[in-house]
There are 2 protein chains.
Amino acid sequence: MTNSTPQLSHTIADIKAIIQRESRRVTSYDVAILAGVSQSAVSRCFKPGASVSKATYARVMQAAQDLDYTPNAAARSLITRRSNLVAVIVAGAVSQHYSDVLSELSRQFSVRGMHIILFNLPSESAMERTLAEVWQHQVDGAVVAARLSGEQAAEFERRRIPIVLFNRSLADRAVSAVVCNQEEAARAMVTRLAAAGHQRFAMIDGPGHSPIAQQRKRGVARRLEELGLPAPLVVAGAFDYASGARGLRDIIDRLGGVPDVIVCGNDLMAIGCLDSARHDFNIDVPGRLSVTGFDGIAAASWISYNLTTMRQPLHSMAHAAAEMLVGLVSGTGGAHERRTYSATFVGGGTARLGPA
Amino acid sequence: MTNSTPQLSHTIADIKAIIQRESRRVTSYDVAILAGVSQSAVSRCFKPGASVSKATYARVMQAAQDLDYTPNAAARSLITRRSNLVAVIVAGAVSQHYSDVLSELSRQFSVRGMHIILFNLPSESAMERTLAEVWQHQVDGAVVAARLSGEQAAEFERRRIPIVLFNRSLADRAVSAVVCNQEEAARAMVTRLAAAGHQRFAMIDGPGHSPIAQQRKRGVARRLEELGLPAPLVVAGAFDYASGARGLRDIIDRLGGVPDVIVCGNDLMAIGCLDSARHDFNIDVPGRLSVTGFDGIAAASWISYNLTTMRQPLHSMAHAAAEMLVGLVSGTGGAHERRTYSATFVGGGTARLGPA
DNA sequence: TTGTAAGCGTTATCAA
DNA sequence: TTGATAACGCTTACAA
């Protein structure tokens, strides 16, 4: 009983046993043997739009299923030079606020057969080290929601890895970005508040290194100046809940009383400020003091807060970022593009806005 | 002026030009040529603990830096069968709550030179499709915070990919997991409430498919039974803010009044319930009605809420999950281990707890 | 439509 | 310590 037809002697169990014994992975070779075709035929079956006959395709797919075969992404990426991997680089604290941005990015990329490698910077300064790891993984592109220097952006370009900045920009380089116009948002907020009669503005700022905080602060200051109103009292904050209460205390200390309105650098601080004003200081908000935020986070719309704020269209922005990056990766995306979104005013109930 | 010593004729600029022209990546070969050593010498320089002379190492590293060389992870993983990639599989809604779990996992893995590929399930049912993508990427392990069937867990085992379940478990299989004892937490909550005199319990449940919701519900029901108190009125919820208000309304409708306490399936619903009770129904909490949650999210400790809840040690749990998975991947981790954490009681101010 | 064979960029083995 | 050389598992001309 010799094997006159060796390929037929290989049953599913045979092949599986061999693989087990050699403790290796199931390869397209194994599938080819089982299906009685060449290895390249197997490869073609897994490439959309390749030329394979219906019969071959069926046999190969059956064999692949029998063996639990899945193409090896590493081997594929080695030859195609496409990893179908996208780096998402976020700075530590950011990831809290951006969790649904991450979900949306994940969904959008996954629809296009791409997946996210997450690079979570412990601190903004860890970028250099992180980039070294990014290069290793041969990502097809990157969404960057963290501080990137011009030189670092240049290195992406040199390596031909397209990037899309998320709510960040780069003064000295043309680079694709999706941003929300923070200065415009701040100006719009001031305009509404001023129109409703607010005159004495105070502001709880975000961390000094945050460009978003800077832009919001600048927008507030400039618009006030244009309107001929006094410059705002600005106190420091860190974008977290505790900063809101601390900021309020600082403002009261410095002013010896409350201003007409406290414009907070983000919603989280506004909520902290609001809670402290009402419960620690027994201040009537909005009766005696108006409090506003930026972002439009979920908690801002909770009944207890009903915060007056400017909402960033984060979902749309995430969608756009994914779309742009996919365009750049596949080469259909043209040149550097910058998409700017506007925040929308959310009336809320923490500011005296007068008859609407 | 002929090139009598060809290898010396290759300057950095020469090599870079060649690479540019052939539009390929910088390889260890290029570095080898520039450094005047063999390709395998270069490879060894990038392998920690390999045997290389100091002089060779220095020359190679200099050349690598000159050319911006980084080892190609795909090629490496092909031969080593280690991708240094870990899949983190989470179900859509979960990712909101778990954003700092994700941060912690990312930090822990990154310290060990591993990175996270994110798989965000749009719905719990998309697991099959997702797994197919997981196999392709040859991940070294996976943290699963989503519904996994016994068969699916078995497939991980067959492929020798270690997994750690996060706040999930599997009845019919031995599998590593990090969990918080939800039933115990629920029982502890009921015990405290009962001791303080609460008798009529109502509960806003989580979504039916959530094991966490089931365990919390069971804990509440069983402990009440043990204490000889009436079974709770249970209404449906979906773990979101709006469910809290809806649940409260349902309870009031069904009861024609308020119970002594509403035990909510999580903090988000408790906050919604609390807001609605105070602002829609003008109910004194905790004076006339106690409201409690589970989880210990950031908002629970905000002044406006100061929620009575059971806090899960998510940070420690994430740390443990990463540690366990790294152990399993590197083979030092022993067998299936299950680490169970206890939630801690947070007194808060939304329940009448009597003299502490 | 199919099979053959040459890479892709590493690591691992084994002499030297 | 070093350098040839053989994998790793795939895609892609090219020839049949």
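The model shown is predicted, which means the values in this text are computed figures rather than measured ones. (Residues numbered from 1 in each chain as written. Chains lettered and ligands numbered in written order. Predicted model: local features only at pLDDT ≥ 70, side-chain atom pairs only at ≥ 80, totals over all residues. Heavy atoms only, no water.)

## Structural notes on the overall build of chain A
So, point 1. Across its full length, chain A holds 15 helices and twelve strands.
So, point 2. The globule rule puts the C-alpha radius of gyration for 356 residues at 21 Å, and the 28 Å found for chain A is more than 25% above it.
So, point 3. With respect to the three principal axes, the spread of C-alpha positions in chain A is 100 × 40 × 35 Å.
So, point 4. Looking at chain A as a whole, 50% of its 356 residues qualify as buried.
So, point 5. A separation of at least 24 residues holds for 69% of the contacts in chain A among residues at least 6 apart in sequence.
So, point 6. Surface accessibility of chain A: about 15900 Å² in total, with carbon and sulfur atoms responsible for 51%.
So, point 7. Within chain A, one finds 37 positive and 31 negative side-chain charges whose respective centroids are separated by 5 Å. (Helix = DSSP H or I, 4+ residues; strand = E, 2+ residues; numbered from the N terminus. Rg over C-alpha atoms; globule rule 2.2 N^0.38 Å. Buried < 20%, exposed > 50% of the residue type's maximum accessible area, 1.4 Å probe, protein only. Contact = heavy atoms within 4.5 Å. Areas by Shrake-Rupley, 256 points an atom, 1.4 Å probe, with all protein chains shown as cover. Lys, Arg positive; Asp, Glu negative; His and termini not counted. Charge placed at Lys NZ, Arg CZ, Asp CG, Glu CD.)

## Notes on the pairing of strand E6 (residues 201–204) of chain A
Residue and element names in this part refer to chain A.
So, point 1. Judged by which residues are buried, E6 turns out to be covered on both faces: Phe 201 and Met 203 on one side and Ala 202 and Ile 204 on the other are all buried.
So, point 2. As paired strands, E6 and strand E8 (residues 261–264) are joined by four bridges and run parallel to one another. Across the sheet, the residue bridging to Ala 202 is Ile 262, located in E8.
So, point 3. Alignment of E6 against strand E7 (residues 233–235), held across three bridges, turns out to be parallel. Residue Ile 204 lies in a different strand from E7, and its bridge partner there is Val 235.
So, point 4. Between the parallel pair E6 and E7, the chain is carried across by helix H12 (residues 211–226), and the sense of this crossover is right-handed. (Pairing = 2+ DSSP bridges. Right-handed = clockwise from strand over helix to strand, strands pointing away.)

## Regarding the side chain of Thr70(B)
So, point 1. Within the secondary structure layout, Thr70(B) lies in the loop between helix H5 (54–67) and helix H6 (73–80).
So, point 2. On the basis of relative accessible area, Thr70(B) is assigned to the buried category, the value being 15%.

## Here's the deal with the domain arrangement of chain A
Accessible area lost upon the coming together of the parts is a frequently used measure of interface size.
So, point 1. Parsing chain A into structural domains produces domain 1 (12–79), domain 2 (81–180 + 314–342) and domain 3 (182–312).
So, point 2. Placing a centre on the C-alpha atoms of domain 1 of chain A and another on those of domain 3 of chain A gives a separation of 61 Å. (Domains from an automatic or database assignment.)

## Section: the protein's contact with DNA strand C
So, point 1. Not every one of the 29 residues close to DNA strand C is listed here, only the nearest: Ser40(A), Arg44(A), Thr56(A), Gln39(B) and Ser43(B).
So, point 2. Close to the protein, within 4 Å, the atoms of DNA strand C are drawn from sugar and phosphate at a rate of 60%.
So, point 3. The side chain of Ser38(A) places a nitrogen or oxygen atom 3.0 Å from a phosphate oxygen of DNA strand C.
So, point 4. Within the side chain of Ser28(B), a nitrogen or oxygen atom sits 2.8 Å from a phosphate oxygen of DNA strand C.
So, point 5. Residue assignment for the surface near DNA strand C shows that the elements contributing at least two residues are helix H4 (39–45) and helix H6 (73–80) of chain A together with helix H4 (39–45) and H6 of chain B.
So, point 6. Ranked by residue count, the leading element in the surface near DNA strand C is H6(B), at five residues.
So, point 7. Along the lines of polarity and charge, the residues of the surface near DNA strand C split into eleven nonpolar, 13 polar and five charged. (Near = heavy atom within 4 Å. Polar contact = N/O pair within 3.5 Å; in protein donor to acceptor, adjacent residues only side chain to side chain. Nonpolar A, V, L, I, M, F, W, Y, C, P; charged D, E, K, R; others polar.)

## Regarding the relation of the copies chain A and chain B
So, point 1. Overlaying chain A on chain B yields an RMSD of 0.1 Å, the required transformation being a rotation through 180° with an accompanying axial translation of 0.0 Å. Such values leave the two copies arranged in the relation of a two-fold axis.
So, point 2. Comparing contact sets, 100% of the residues at the interface of chain A also lie at the interface in chain B, consistent with an isologous, same-surface contact. (Least-squares fit on C-alpha atoms with pLDDT ≥ 70 in both.)

## Brief notes about the interface of chain A and chain B
So, point 1. Each partner contributes to the interface: chain A provides 52 residues, whereas chain B provides 52 residues.
So, point 2. Both faces considered, chain A and chain B share a buried interface measuring about 4800 Å² in area, 51% of it formed by carbon and sulfur atoms.
So, point 3. Looking only at chain A, the three residues that lose the most surface to chain B are His115(A), Trp302(A) and Ile303(A), adding up to 14% of its buried area.
So, point 4. The tally of links between chain A and chain B comes to two salt bridges.
So, point 5. Linking chain A with chain B are 15 residue pairs in polar contact (both at pLDDT 80 or more), by the criterion used here.
So, point 6. Taken together, the elements giving at least two residues each to the side of chain A that touches chain B come down to H6, helix H7 (94–97), helix H8 (99–111), strand E2 (115–121), helix H9 (127–136), helix H10 (150–158) and helix H14 (267–280) of chain A.
So, point 7. Class assignment of the residues belonging to the side of chain A that touches chain B gives a composition of 20 nonpolar, 19 polar and 13 charged.
So, point 8. The pairing of E2(A) with strand E2 (residues 115–121) of chain B spans three bridges and is antiparallel. Opposite Ile117(A), over in E2(B), you have Ile117(B) as the bridge partner. (Buried area = accessible area lost by both parts, 1.4 Å probe. Salt bridge = Lys/Arg side-chain N within 4 Å of Asp/Glu carboxyl O.)

## Side note on the protein's contact with DNA strand D
So, point 1. Ser28(A), Gln39(A), Ser43(A), Tyr69(A) and Thr56(B) are the nearest of the 28 residues found near DNA strand D.
So, point 2. A share of 62% is what sugar and phosphate atoms reach among the atoms of DNA strand D within 4 Å of the protein.
So, point 3. In this structure, a phosphate oxygen belonging to DNA strand D sits 2.9 Å away from a side-chain N or O atom of Lys47(A).
So, point 4. Within the side chain of Ser40(B), one N or O atom sits 3.3 Å away from a base nitrogen of DNA strand D.
So, point 5. Per-class residue counts for the surface near DNA strand D are nine nonpolar, 13 polar and six charged.

## Let's talk about the pattern of salt bridges
So, point 1. A complete count under the given rule lists 34 salt bridges over all chains for this structure.
So, point 2. In this structure, the salt-bridge partner of Arg158(A) is Glu151(A), at a minimum N-O distance of 3.0 Å.
So, point 3. Between Arg158(A) and Asp68(B) there is a salt bridge whose closest N-O contact spans 3.0 Å. Here Arg158(A) is found in helix H10, whereas its partner Asp68(B) is found in the loop between H5 and H6 on a different chain.
So, point 4. Judged by its relative accessible area of 27%, Asp68(B) is partly exposed.
So, point 5. Taken together, the salt bridges that share partners define one network made up of Glu22(A), Arg24(A) and Asp30(A).

## A look at H9(A)
Residues and elements named next belong to chain A.
So, point 1. When we look at burial in H9, the residues that qualify are Met 127, Thr 130, Leu 131, Val 134 and Trp 135. Around the axis of H9, the buried residues are gathered within 145° of arc, so they sit on the same side.
So, point 2. Looking at the buried residues of H9, the elements they touch are strand E1 (85–91), E2, strand E3 (141–145) and H10.
So, point 3. Looking one or two residues past H9, Gln 138 carries a phi angle of roughly 55°, positive in sign. (Arc of directions from axis to C-beta.)

## A few points about the UniProt feature "domain: HTH lacI-type" (unreviewed entry) in chain A
So, point 1. Under the UniProt annotation, "domain: HTH lacI-type" (unreviewed entry) lies at residues 26–80 of chain A.
So, point 2. End C-alpha atoms of residues 26–80 of chain A are separated by 20 Å, and the span's content is 67% helix alongside 0% strand. (UniProt positions renumbered as here; feature names shortened; annotations may be inferred.)

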